[in-house]
Amino acid sequence: MANAKEIKERMASIEETRKITNAMYLISSSKMKQAKKKLADTEPFFYAMQAEIARILRHVPDMHSQFFDGRESIPAEERKIGYIVVTADKGLAGAYNHNVIKATEELLKKPGKHKLFVLGEAGRQYFAKREGIEMDTQFRYTVQNPTLHRSRVISSEMVEQFRNGDLDEIHIIYTRMINAMTAETEEQKLLPMKKTTFLPEDMPALIGTGLYQEDMVFWPSTHSVMANIVPNYINGIVYGCLVEAYCSEHNARMQAMQNATDSATDMLNELNITYNRVRQADITQELTEIIGGANAQKRK
């Protein structure tokens with residue numbers, strides 16, 4: 001059994017670790033709340049973009065746009081599919097990165113020519129070591145403190161590749177936080193879009209407003225209006241996914257740090273009991289030696 005001094009030093013080390021994990025928990029909690037507030041402040045604008053697309057499709061249901069072109073003539077094995085993969089820049093977040101990577105690997109098994117656009121150092125380092133996987137090495141963006149500017153740069157680059165025919169499909173893989181205890185890895189298709197996803201009854205901005213066939217004039221043309229609205233709409237989806245992933249990362253880190261803090265507390269309690277026993281044994285030993293010495297003196 002260790003002596004009292006060694007136990008005391010170990011308790012001090014665990015106490016320092018507990019302070020660090022508790023501080024990380026509080027930092028993640030603060031960052032998550034700030035990100036959720038930013039998302040809530042910007043959501044109305046992107047819901048309005050979604051509603052405008054629905055209005056255009058309601059007035060011109062037979063319009064043809066490249067953003068709705070499914071390119072069905074291309075065989076599944078020849079389709080060029082791009083995946084935006086949102087991971088974290090670091091670990092200490094439980095199974096957060098593992099779940100995203102696992103979901104991505106499952107999608108890579110499907111037919112098609114896959115290309116990865118990975119956000120976050122954890123994902124980049126993992127897929128860079130995998131052979132046979134095409135990854136855009138110039139696509140290097142951090143996931144910390146997501147901003148509209150960053151999401152606009154990312155979405156503009158992806159939309160341009162879709163327009164040029166470099167990609168036939170674009171998906172985003174991220175983690176959505178359902179509640180404080182549950183998060184799920186999700187895959188969402190960005191392009192091409194489907195007209196059925198813009199039904200009025202599914203539009204948050206149109207619920208309860210009533211629908212009517214108002215007169216609309218599109219200038220210079222319907223396609224030009226749609227070409228300006230859709231990139232903003234895609235930007236909104238990407239920004240929302242980045243914020244959701246950022247919140248999920250910090251929520252996972254909060255849980256991991258809370259578990260670490262609880263474990264440290266349990267260890268301290270156990271060591272404190274052991275320390276008291278060792279200290280009591282030392283005191284008993286000292287008393288025994290003193291009494292033994294006194295008895296020896298009496299005999300002399």
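In short, a report on the structure. Here the structure is a predicted model, which is why all the values come from computation and not from measurement. (Residues numbered from 1 in each chain as written. Predicted model: local features only at pLDDT ≥ 70, side-chain atom pairs only at ≥ 80, totals over all residues. Heavy atoms only, no water.)

As for helix α2 (residues 96-108)
Move 1: Here α2 contains 13 residues, and its C-alpha end-to-end distance of 19 Å stays within 8% of the 18 Å for a straight helix at 1.5 Å per residue.
Move 2: For α2, the set of buried residues is Y96, N97, V100, I101, T104, L107 and L108. Viewed along the axis of α2, the buried residues span an arc of 120°, placing them on a single side of the element. (Helix = DSSP H or I, 4+ residues; strand = E, 2+ residues; numbered from the N terminus. Expected span 1.5 Å × (residues − 1). Buried < 20%, exposed > 50% of the residue type's maximum accessible area, 1.4 Å probe, protein only. Arc of directions from axis to C-beta.)

Some remarks on the environment of V243
Move 1: You can see V243 is positioned in helix α5 (residues 222-299).
Move 2: Setting aside residues no more than four positions away along its own chain, V243 makes contact with A35, L39 and P146. (Contact = heavy atoms within 4.5 Å.)

Digging into the pattern of salt bridges
Move 1: Taken as a whole, this structure holds 13 salt bridges when the rule is applied.
Move 2: R55 is paired through a salt bridge with E52; the nearest N and O atoms lie 2.9 Å apart. Of this pair, R55 and E52 are both found in helix α1 (residues 4-59), three residues apart, which corresponds to roughly one turn of the helix.
Move 3: Owing to a relative accessible area of 22%, R55 belongs among the partly exposed residues under this scheme. (Salt bridge = Lys/Arg side-chain N within 4 Å of Asp/Glu carboxyl O.)

Notes on the nonpolar core
Move 1: Ranked by size, the top nonpolar core spans 44 residues in total, and within it I53, L119, I154, M193 and I234 carry the most contacts.
Move 2: Among the elements of the structure, α1, β1 (80-86), β2 (113-119), α4 (148-164), β3 (169-177), β4 (183-191) and α5 are those that each provide at least two residues to this core.
Move 3: Tallying contributions element by element places α5 first for this core, with twelve residues.
Move 4: Of all hydrophobic cores here, the second largest spans twelve residues; its members include I81, V100, L116 and I173. (Core = buried A, V, L, I, M, F, W, Y, C linked by side-chain atoms within 4.5 Å.)

Comments concerning the packing of aromatic side chains
Move 1: Scanning all chains against the criterion turns up six aromatic pairs.
Move 2: Pairing F68 with F198 gives two aromatic rings, centres 6.2 Å apart and planes at 70°, and the pair type is edge-to-face. Linking F68 in the loop between α1 and β1 with F198 in the loop between β4 and α5, this pair joins segments that are 130 residues apart in sequence. Each member of the pair, F68 as well as F198, is classed as buried.
Move 3: Between Y126 and F127, the aromatic rings sit 5.1 Å apart at their centres with planes inclined by 85°, giving edge-to-face as the arrangement.
Move 4: Residue Y126 is classed as partly exposed on the basis of its relative accessible area, which comes to 29%.
Move 5: Linked through ring pairs, F68, F198 and Y233 together constitute an aromatic cluster.
Move 6: The side chain of K8 reaches across the aromatic face of Y275, ending 4.7 Å from its centre.
Move 7: Against the face of F162 rests R71, its NZ or CZ located 4.1 Å from the ring centre. (Phe/Tyr/Trp six-rings, centres within 6.5 Å; stacked < 30°, edge-to-face > 60°. Lys NZ or Arg CZ within 6 Å of the ring centre and 35° of its normal.)

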